[in-house]
Amino acid sequence: MDYKELIKRELIPAFGCTEPIAIAFASAKASELLGKKPEKIIANLSSNMIKNAYSVTVPGTLGRKGIEISIVAGALLADSSKKLELLSTIDKSRLSECDDFIKEGRVELNLAKGKANLYIEIITINEDNSSKVVVEDSHTNIVRMKKNGEVIFDKTSKDNNEDSCSFSFNEIYNFARTCDYNDIKNILQKQIDYNLKIAQEGLDNDWGSNIGRLVLEMDNKAYFEKLVAFAAAGSDARMNGCELPVIINSGSGNQGITTSVPLILYAKDYKYKEDDLYRALIFSNLISLYIKDKIGKLSAYCGVVSASSAVFSSIAFIKGEDKKIIKDTIINSLAVNSGIICDGAKSSCAMKIASSLRNAALAYEQAKHYKSFKSGDGIVKDSLDKTIETVANIARYGMKKTDEVVLNEMLDNRDYIKDFE
């Protein structure tokens, strides 16, 4: 897969936090396959899916939170053809039906052990009829469908591997500088329009902990704090049920906001040409995707760290800084904040965005003053590509147990999650 195809696949609109929406998508698909209203729904979810859908407000549901409402609203009210925007047009007057379905104990939720970090299995049942839909690795990537035990669709591992993309800093840099982006321009413009709009909404109105507004109130004279505030405000709104779409990155709206909003504001404030902004957005998005590629879409590693590193390197990119400064910005940033854990989607994500962006801003200043970390300083290697690989190994393998402990603490050993060890 080339970079343009990757951008077309990954930079898509999503209405609300992508994990509960993905659960709703799989549930809607299973219900449609069943062909009638389910009497019972069984959801087998990976620990990361449970973690990320557990605490966040589900948009379109009038402030309801959690996994069960995502499952039932998807099955009873949604149209799977709308993918990650499927809850944007549901009939809210029927949400009481969803509440009753949940109260009557018709939803069974289980931890799917030994599965991919992003794994959703939804089974719908009506009398003697049943259907099963499995989503894996990506939020709308259906890999298996069954009806009454018969396989309707099966996507092999080989099919998934054919969608992979190779990355390197130099390839991304050269592509962003020289590509003809006309066939992806509409995607980039949507990212500008959607993500800036939700950031402004987060500042204008009362959402969650109002981290973005607090940042501006604390220090509205430091320019980079403005960039921090807008990105955090977008997360304030999104994590607390705002019914505005965002263009995501690496399967995440928070990462999509962080990867784009500071750059968009910077380019507008300093009056860069449209072409400069589009190319810098291409660079920022691809660097963010590169850092997350071997980590996976879900893990114990907080993805806004990679997005923050990418967006400040893209500010260096749009300013025409030397390649070494751009690379060192990413290295310096990853060297410090890569230990931030992901404890699911919720209001505090906005503060993690603020922390990561401030760290990335300092990493950029550090690079400009030629004071960057050296190879051997902790996890820093002798090249950016090797450093990214090291961070991916720590996140994917080193933090695996962390992921399990975080979920166990979040759930406080709640007994409706079965078989957790």
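Basis of the calculations
Residues numbered from 1 in each chain as written. Predicted model: local features only at pLDDT ≥ 70, side-chain atom pairs only at ≥ 80, totals over all residues. Heavy atoms only, no water. UniProt positions renumbered as here; feature names shortened; annotations may be inferred. Axes fitted to C-alpha atoms, helices over the stretch in contact; angles between N-to-C directions. Helix = DSSP H or I, 4+ residues; strand = E, 2+ residues; numbered from the N terminus. Parallel < 35°, antiparallel > 145°, perpendicular 65-115°, else oblique. Left-handed = near helix turned anticlockwise from the far one by under 90°. Contact = heavy atoms within 4.5 Å. Nonpolar A, V, L, I, M, F, W, Y, C, P; charged D, E, K, R; others polar. Buried < 20%, exposed > 50% of the residue type's maximum accessible area, 1.4 Å probe, protein only. Polar contact = N/O pair within 3.5 Å; in protein donor to acceptor, adjacent residues only side chain to side chain. Pairing = 2+ DSSP bridges.

Under the annotation held in an unreviewed UniProt entry, the protein chain carries the name UPF0597 protein HV819_10670 and is attributed to Anaerococcus faecalis. UniProt, in the comment section headed Sequence similarities (unreviewed entry), describes the protein chain in these words: "Belongs to the UPF0597 family."

Draft legend 1. Region of interest: the packing of helix H13 (residues 304-318) against helix H15 (residues 349-368). In contact at an axis separation of 8 Å, H13 and H15 are set at 40 degrees when each is read in the N-to-C sense. Compared by their axis directions, H13 and H15 come out oblique. As H13 packs across H15, the resulting crossing turns out to be right-handed. Contact residues: H13 offers Val-304, Val-305, Ser-308, Ser-309, Val-311, Phe-312, Ile-315 and Ala-316, while H15 offers Lys-352, Ile-353, Ser-356, Leu-357, Ala-360, Ala-361 and Tyr-364. A class-by-class count of the residues in the contact of H13 with H15 yields 11 nonpolar, three polar and one charged.

Draft legend 2. Local environment of the side chain of Arg-279. Within the secondary structure, Arg-279 sits in helix H12 (residues 274-293). Since its relative accessible area comes to 16%, Arg-279 is described here as buried. Polar side-chain contacts of Arg-279 include one of 3.1 Å to the backbone oxygen of Ala-176. Not counting the four nearest positions on each side in its chain, Arg-279 is found in contact with Phe-175, Ala-176, Arg-177, Thr-178, Cys-179, Tyr-181 and Phe-317.

Draft legend 3. How the structure looks around the sheet that holds strand S4 (residues 119-126). The sheet built from six strands is open, its strands ordered S3-S2-S4-S5-S6-S7 with mixed pairing. The open sheet terminates on both sides in strands that have one partner only, identified here as strand S3 (107-111) and strand S7 (150-154). When the angles between neighbouring strand axes are averaged without regard to direction, this sheet yields 15 degrees. Summarising the sheet, strand S5 (residues 129-136) and strand S6 (residues 142-147) pair through five bridges and their orientation is antiparallel. Across the sheet, Val-133 pairs through a bridge with Met-145, a residue of S6. Where helix H4 (residues 67-77) meets the sheet, it contacts strand S2 (40-45) and S3, and its direction lies at approximately 125 degrees from that of S3.

Draft legend 4. Representation of the pairing of S4. Within S4, seven of the eight residues are buried, which leaves it mostly tucked inside the rest of the structure. Note that S2 and S4 share six bridges and pair antiparallel. Pairing of Leu-45 across the sheet is with Ile-120, part of S4. Direction of pairing for S4 relative to S5: antiparallel, over a ladder of eight bridges. Counted as the bridge partner of Ile-122 is Val-133 from S5. In this structure, the hairpin formed by S4 and S5 is closed by a connection of two residues, where Glu-127 is found at a positive phi of approximately 55 degrees.

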